[in-house]
Amino acid sequence: QGLPLGSQKEVRETLSRFNTAPDGGGGSVGIARLYGPGFIAEIPTSLDELSQLMVHIDDEESAWPVMQRLCKQAGWAMCDVETGRRFI
């Protein structure tokens with residue numbers, strides 16, 4: 001496990017720079033869903049510092065370039081949970 005991604009506020013601010021934000025709906029208890037171009041990011045709301053978030057890709061063509069720029073600029077890494085492959 002690496003360094004934390006940041007606080008709730010820092011992670012939300014980072015994601016907002018990539019057109020990723022809540023849609024204003026209710027959502028699940030304990031999870032905030034933030035909608036970006038071609039993907040949905042889920043972050044746990046019960047933690048102050050986040051070490052990971054879950055991303056669901058809806059449109060790979062739209063999501064992939066954004067996710068690559070986000071990870072590069074934020075210093076984050078992605079991991080495909082099904083294959084174990086890591087992307088930086």
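Located above this text is the structure these notes cover.
The following refers to the structure shown. (Residues numbered from 1 in each chain as written. Predicted model: local features only at pLDDT ≥ 70, side-chain atom pairs only at ≥ 80, totals over all residues. Heavy atoms only, no water.)

### Focus on the nonpolar core
Put simply, the rule is: Each nonpolar core is a collection of buried residues, namely Ala, Val, Leu, Ile, Met, Phe, Trp, Tyr and Cys, held together in the definition by side-chain atoms within 4.5 Å. For every residue, the accessible area (1.4 Å probe, protein chains only) is compared with the maximum for its type, and the residue is labelled buried under 20%, exposed over 50%, or partly exposed between those bounds. Secondary structure elements are defined from DSSP: runs of H or I of at least 4 residues count as helices, runs of E of at least 2 residues count as strands, and each element is numbered from the N terminus. Residues are treated as being in contact if the distance between any of their heavy atoms lies within 4.5 Å.
Formed by 16 residues in total, the largest nonpolar core has its most connected members in Val11, Leu15, Phe39, Ile43 and Trp76. If you list the elements that add at least two residues to this core, you get helix 1 (8-16), strand 2 (31-36), strand 3 (39-44) and helix 2 (60-74). The leading source of residues in this core is helix 2, at five residues. If we skip the residues at most four places from it in the chain, Phe39 touches Thr20, Leu34, Val55, His56, Ile57, Asp58, Ala63, Val66 and Met67.

### Thoughts on the sheet that holds strand 5 (residues 54-57)
Which entries qualify depends on this criterion: Two strands qualify as a pair provided that DSSP identifies no fewer than 2 bridges between them. Fitting a line to C-alpha atoms yields each axis, with helices limited to the stretch in contact; the angle taken between N-to-C directions then spans 0 to 180 degrees.
Here we have three strands laid out as an open sheet, ordered 2-3-5, and antiparallel in their pairing. The strands lining the two open edges of the sheet, one partner per strand, are strand 2 and strand 5. Within this sheet the neighbouring strands show an average axis-to-axis angle of 20 degrees, counted without direction. By the bridge criterion, six bridges tie strand 2 to strand 3 in an arrangement that is antiparallel.

### Side note on a negative patch on the surface
Under the convention used in this document: Only residues whose relative accessible area exceeds 30% and that form no salt bridge are eligible for patches; like-charged ones are grouped when within 9 Å, while nonpolar side chains (Val, Leu, Ile, Met, Phe, Trp, Tyr) are grouped when within 5 Å. In these tables, accessible area is a Shrake-Rupley quantity obtained with a 1.4 Å probe, and a residue counts as shielded only by the protein chains included in the view. Think of a salt bridge as a Lys or Arg side-chain nitrogen and an Asp or Glu carboxyl oxygen that are within 4 Å of each other. In this tally Asp and Glu are treated as negative and Lys and Arg as positive; neither His nor the chain ends contributes. A charge is said to be at NZ when it belongs to Lys, at CZ for Arg, at CG for Asp and at CD for Glu.
Residues Asp58, Asp59, Glu60 and Glu61 make up a contiguous surface patch of negative charge. Tracing the backbone shows Asp58 in the loop between strand 5 and helix 2.

### Side note on the pattern of salt bridges
Applying the stated criterion across every chain, the model contains two salt bridges. Here Glu13 ties to Lys9 by a salt bridge, and the two come within 3.9 Å at their closest N and O atoms. Here the residue Glu13 and the residue Lys9 both occupy positions in helix 1, the gap between them amounting to four residues, near one helical turn. One salt bridge connects Arg33 with Glu42, and the closest N-O pair in it is separated by 2.9 Å.

### Some remarks on the layout of surface pockets
To keep it simple, the criterion reads: Both cavities and pockets are sets of points on a 1 Å grid over the protein atoms alone; in a cavity a 1.4 Å probe fits but cannot get out, in a pocket the set is open with protein on both sides within 12 Å along at least five of seven lines, and lining residues sit with an atom within 4 Å of a point. Grid points are joined across faces, edges and corners, and a volume is the space filled by probe spheres set on the points. Basically, the charged four are Asp, Glu, Lys and Arg, the nonpolar ten are Ala, Val, Leu, Ile, Met, Phe, Trp, Tyr, Cys and Pro, and anything else, Gly included, counts as polar.
A volume near 1200 Å³ is recorded for the largest pocket. Lining the largest pocket are 35 residues, and of these Leu53, Ala77, Met78, Cys79 and Asp80 lie nearest its centre. When residues of the lining of the largest pocket are traced back to their parent elements, those giving at least two are strand 3, strand 5, helix 2, strand 6 (78-79) and strand 7 (86-87). Per-element accounting of the lining of the largest pocket gives the leading share, five residues, to helix 2. Across the lining of the largest pocket, the residue classes break down as 23 nonpolar, six polar and six charged.

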